[in-house]
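Coordinate inspection notes
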Amino acid sequence: MLFAPDPGRLFGRLPLRYAVLMQLRFDGQLGFPGGYVDRRLRPLEEGLNRVLALGLGRGVRLVEEDYLVSHVARGPRRLVAHLYVKRLSLPELRALELQAVRSRDHGLEVMGTVRVPLYIRKDRLGGLPAFLQNSFVGAAKFQLLYALKVLNMVPVGKLAQAVAAVQAPQKTASEAAGTTSASPPALSPPGPA
């Protein structure tokens, strides 16, 4: 997870706090820059820096001290997702975003970079809660929330509010407006002809 402090404000009033970089993958899921590394062939950080260069270019190097947490995936494949976190300056992060468009994997495995909105709008749905409704690869959503919490990038109460908004049943537009509509007819299997 690459991030930078961001003193900006959205619409002149919502503090952005930090710019957190994620990528849209070829399969439509969001994830952190990185990729698969086989530890039998090379040290973890060496492999990580190799796959980072493929998706972002050669603008950043991670070291062992940047390690934050690991998550073991359930299922038939033995996969461990390691999260490394590196703080950059905002100009460094912007330069990486621009460079990523010229990386080897851009348009192939990586469709583009995105920033995580760390604000919550007054409707309590816009910003981070809406972002969390996207599809994330593997442990990326868990790791994002974990990093935001332990690095105190979003106040704990606001983070809990964002997660609760995602877990709450969503109202339809007519319910939110206070109107009701007729239920669609129940579908039943066709009878004998």
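Residues numbered from 1 in each chain as written. Predicted model: local features only at pLDDT ≥ 70, side-chain atom pairs only at ≥ 80, totals over all residues. Heavy atoms only, no water.

Turning to the overall build of the chain, a few remarks are in order. Looking only at helices and strands, one finds six helices and seven strands in the chain. When the elements of the chain are put in sequence order from the N terminus, they spell out β-β-β-α-β-β-β-α-β-α-α-α-α. When contacts within the chain are restricted to residue pairs at least 6 apart in sequence, those whose partners lie at least 24 apart make up 59%. A total of about 12300 Å² of accessible surface is found on the chain, and carbon and sulfur atoms cover 56% of it. (Helix = DSSP H or I, 4+ residues; strand = E, 2+ residues; numbered from the N terminus. Contact = heavy atoms within 4.5 Å. Areas by Shrake-Rupley, 256 points an atom, 1.4 Å probe, with all protein chains shown as cover.)

For the rest of this paragraph, the subject is the nonpolar core. In this structure, Met-1, Val-20, Met-22, Val-116, Phe-136, Leu-144 and Leu-148 are the most contacted members of the largest nonpolar core, which totals 25 residues. Secondary structure elements with two or more residues in this core: β2 (14-25), α3 (128-131), α4 (140-150) and α5 (156-167). No other element matches α4, which puts five residues into this core. Non-local contacts of Leu-148, meaning those with residues more than four positions away in its chain, are made with Val-20, Leu-118, Met-153, Val-154 and Leu-159. (Core = buried A, V, L, I, M, F, W, Y, C linked by side-chain atoms within 4.5 Å. Buried < 20%, exposed > 50% of the residue type's maximum accessible area, 1.4 Å probe, protein only.)

Now for the pattern of salt bridges. One pass over the structure, following the stated rule, counts five salt bridges. Ionic pairing is found between Asp-6 and Arg-115, a salt bridge with its closest N-O pair at 3.7 Å. Linking Asp-6 in strand β1 (residues 2-10) with Arg-115 in strand β7 (residues 110-115), this pair joins segments that are 109 residues apart in sequence. For Asp-6, a relative accessible area of 9% translates into the label buried. With relative accessibility at 32%, the residue Arg-115 sits in the partly exposed group. (Salt bridge = Lys/Arg side-chain N within 4 Å of Asp/Glu carboxyl O.)

Take the packing of α4 against α5 next. At their nearest, the axes of α4 and α5 sit 11 Å apart, and the two run at 155° to each other. One finds that α4 runs roughly antiparallel with respect to α5. On the side of α4, the interface is formed by Lys-141, Leu-145, Leu-148 and Lys-149, while α5 contributes Leu-159, Val-163 and Val-166. Across the contact of α4 with α5, the residue classes tally to five nonpolar, no polar and two charged. (Axes fitted to C-alpha atoms, helices over the stretch in contact; angles between N-to-C directions. Parallel < 35°, antiparallel > 145°, perpendicular 65-115°, else oblique. Nonpolar A, V, L, I, M, F, W, Y, C, P; charged D, E, K, R; others polar.)

The next point concerns the packing of aromatic side chains. A full pass over the atoms with the stated rule returns four aromatic pairs. Taking the centre distance of 5.7 Å and the plane angle of 70° together, the rings of Phe-3 and Tyr-18 count as edge-to-face. With Phe-3 in strand β1 and Tyr-18 in strand β2, this residue pair connects regions lying 15 residues apart in the sequence. Seen from their ring centres, Tyr-67 and Tyr-84 are 5.7 Å apart, and the 75° between their planes marks the pair as edge-to-face. Here Tyr-84 lies in strand β5 (residues 80-84) and Tyr-67 lies in strand β4 (residues 67-72), a separation of 17 residues in the sequence. (Phe/Tyr/Trp six-rings, centres within 6.5 Å; stacked < 30°, edge-to-face > 60°.)

The pairing of β1 with β2 spans seven bridges and is classified as antiparallel. Looking across to β2, one finds that Asp-6 is bridged to Arg-17. Hairpin connection from β1 to β2: three residues lie between these consecutive antiparallel strands, with Phe-11 at a positive phi of about 55°. Alignment of β1 against strand β6 (residues 86-87), held across two bridges, turns out to be parallel. Note on β6: the bridge partner recorded for Leu-2 is Lys-86. (Pairing = 2+ DSSP bridges.)

Here we take up α4. Those residues of α4 not exposed but buried are Ala-140, Gln-143, Leu-144, Leu-145, Ala-147 and Leu-148. Contacts made by the buried residues of α4 are with β2, β3 (30-31), β4, β5, α3 and α5. A positive backbone phi angle near 55° is found at Asn-152, which sits one or two residues after α4.

Residues Leu-90, Leu-93, Leu-96, Glu-97 and Ala-100 constitute the buried set of helix α2 (residues 90-100). End-on, the buried residues of α2 take up no more than an arc of 120°, which puts them together on one face. α2 presents Pro-91 and Leu-98 as exposed residues on the side facing more than 90 degrees away from its buried surface. Buried residues in α2 make contact with β1, β2, α1 (44-56) and β7. (Arc of directions from axis to C-beta.)

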